[in-house]
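Coordinates in review
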Amino acid sequence: MPRFAANLTMMFNEVPFLDRFEAAAKAGFTAVEFLFPYDHPAEEVGKRLKAAGLTQALFNLPPGDWNAGEKGFAALPDRFADLQQSLKTALPYAQATGVKRVHLMAGIADRGDRRAVEAFYKSVANAAEFFAPHDLDVVIEPINPRNVPGYFLNDFNFAYDLISELKIPNLKLQFDIYHCQIIHGDVTMRLREMMPIIGHIQIASIPSRNEPDGEELNYPFLFGELDRLGYGGFVGCEYNPRGKTTDGLAWFKPYAGVKP
Ligand SMILES: O=C(O)[C@@H](O)C(=O)CO
Ligand SMILES: [Mg+2]
């Protein structure tokens, strides 16, 4: 049975960020993820997580000025210093939460530009090397061009080839099923092919990015497929609830309380 992690950036927005840990635990989640914790002290984030008895499944490294359109630095040749600083900024949050994987974002860059590709390879290797002694995986996530136009990493095959080529033990794929379906389709076959390098999975309905309870994909089948493939990691619920978060949790009832 999949182990679901509530995404506290998108879910439980009815309450302030730090109160979402308790709200998620009350709703039956045993794990959480979020994009960016950096507006809050690391100790406070860790305290709220532990007080709610939750496991931290994932969070993202600092992406730069998100509101100005920045989406990470990894593929930006002139931002390597910012990339290195972002690793240092994230480390205390990893230590306070005990998370085992962090998402390294690629940034807005052209994959046809050789310098961007070289920068990405260098950044990915550098981030993985930085976090390895801390027993942390680095995950990279292809993101569809409709949600983030111009995002460097917008192809699952490119990510798969890079990870397979580099063979860095703590470098893995963040397989967001929502993005995969929009970019390529053929989700089940891709899960089967890429399972050996998958470090984290995320879900949402397609095309709305709401609760995973209908529309284009048959999630109960996909959850069964994850079990058949022996996936033991987390499944992040990265969706925008249609209304109140708890009103949209009928899909989650059979899985509530599953221990990480
Ligand atoms: O899919 C997404 O959008 C996220 O997982 C993310 O990390 C960046 O927005
Ligand atoms: Mg995602």
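If you're wondering where the values come from, they're calculated on a predicted model, not measured in any experiment.

Regarding the coordination of the magnesium ion (ligand 2)
Around the magnesium ion (ligand 2), the protein supplies Glu141 (OE), Asp176 (OD), Gln202 (OE1) and Glu238 (OE) as donor atoms, at distances of 2.0 to 2.2 Å. In the primary structure, the donors to the magnesium ion (ligand 2) are separated according to the pattern E-x34-D-x25-Q-x35-E. Of this pair, Asp176 sits in strand β6 (residues 171-176) while Glu238 is found in the segment after β8 (234-237), placing the two residues 62 residues apart along the sequence. By relative accessible area, Glu238 is classed as buried at 6%.

Section: the site of ligand 1
As a matter of local geometry, ligand 1 sits amid 13 residues, with Asn60, Glu141, His179, Arg209 and Glu238 nearest to it. A distance of 3.0 Å separates an oxygen atom of ligand 1 from a polar side-chain atom of Gln202. Within the side chain of Glu238, a nitrogen or oxygen atom sits 2.7 Å from an oxygen atom of ligand 1. Considered on its own, ligand 1 offers 260 Å² of accessible surface; in the complex 93% of this is hidden by protein. Taken together, the residues of the shell around ligand 1 break down into 4 nonpolar, 5 polar and 4 charged.

Section: the side chain of Gln56
If you trace the backbone, Gln56 turns up in strand β3 (residues 55-60). Setting aside anything within four residues of it in sequence, one finds Gln56 in contact with Phe21, Val32, Glu33, Phe34, Leu49, Thr97, Val99 and Lys100.

Section: the pattern of salt bridges
Opposite charge on two side chains makes pairing possible when the charged atoms of those side chains draw close. Scanning all chains against the criterion turns up 18 salt bridges. As a salt-bridge pair, Asp82 and Arg79 come within 2.5 Å of each other at their nearest N and O atoms. Of the charged contacts in the structure, one is a salt bridge between Glu215 and Arg242, with a shortest N-O distance of 3.7 Å. Taken together, the positions of Glu215 in the loop between β7 (198-203) and α8 (219-228) and Arg242 in the segment after β8 put the pair 27 residues apart, joining distant regions of the chain. A residue is classified by how much of its surface remains accessible, and Arg242, at 47% relative accessible area, is partly exposed.

Regarding the pairing of β7
With 6 of its 6 residues buried, β7 lies for the most part within the structure. Two strands pair when backbone bridges link them, and β6 and β7 are joined in this way by 4 bridges, in the parallel orientation. Each bridged residue has a counterpart across the sheet, and for Gln174 the counterpart in β7 is His200. As paired elements, β7 and β8 share 3 bridges and run parallel to each other. When the sheet's bridge partners are listed, Gln202 is paired in β8 with Gly236. Once you follow β7 into α8 and on to β8, the crossover reads as right-handed.

A look at the UniProt feature "domain: Xylose isomerase-like TIM barrel" (unreviewed entry) in the chain
The sites that carry the UniProt feature "domain: Xylose isomerase-like TIM barrel" (unreviewed entry) are, in the present numbering, residues 21-254. Across residues 21-254 one finds 38% helix and 14% strand; the C-alpha atoms that close the span lie 21 Å apart.

About the thresholds
- Residues numbered from 1 in each chain as written.
- Chains lettered and ligands numbered in written order.
- Predicted model: local features only at pLDDT ≥ 70, side-chain atom pairs only at ≥ 80, totals over all residues.
- Heavy atoms only, no water.
- Donors = N, O, S within 2.8 Å, 3.2 Å for Na, K, Ca; no water.
- Helix = DSSP H or I, 4+ residues; strand = E, 2+ residues; numbered from the N terminus.
- Buried < 20%, exposed > 50% of the residue type's maximum accessible area, 1.4 Å probe, protein only.
- Near = heavy atom within 4 Å.
- Polar contact = N/O pair within 3.5 Å; in protein donor to acceptor, adjacent residues only side chain to side chain.
- Areas by Shrake-Rupley, 256 points an atom, 1.4 Å probe, with all protein chains shown as cover.
- Nonpolar A, V, L, I, M, F, W, Y, C, P; charged D, E, K, R; others polar.
- Contact = heavy atoms within 4.5 Å.
- Salt bridge = Lys/Arg side-chain N within 4 Å of Asp/Glu carboxyl O.
- Pairing = 2+ DSSP bridges.
- Right-handed = clockwise from strand over helix to strand, strands pointing away.
- UniProt positions renumbered as here; feature names shortened; annotations may be inferred.

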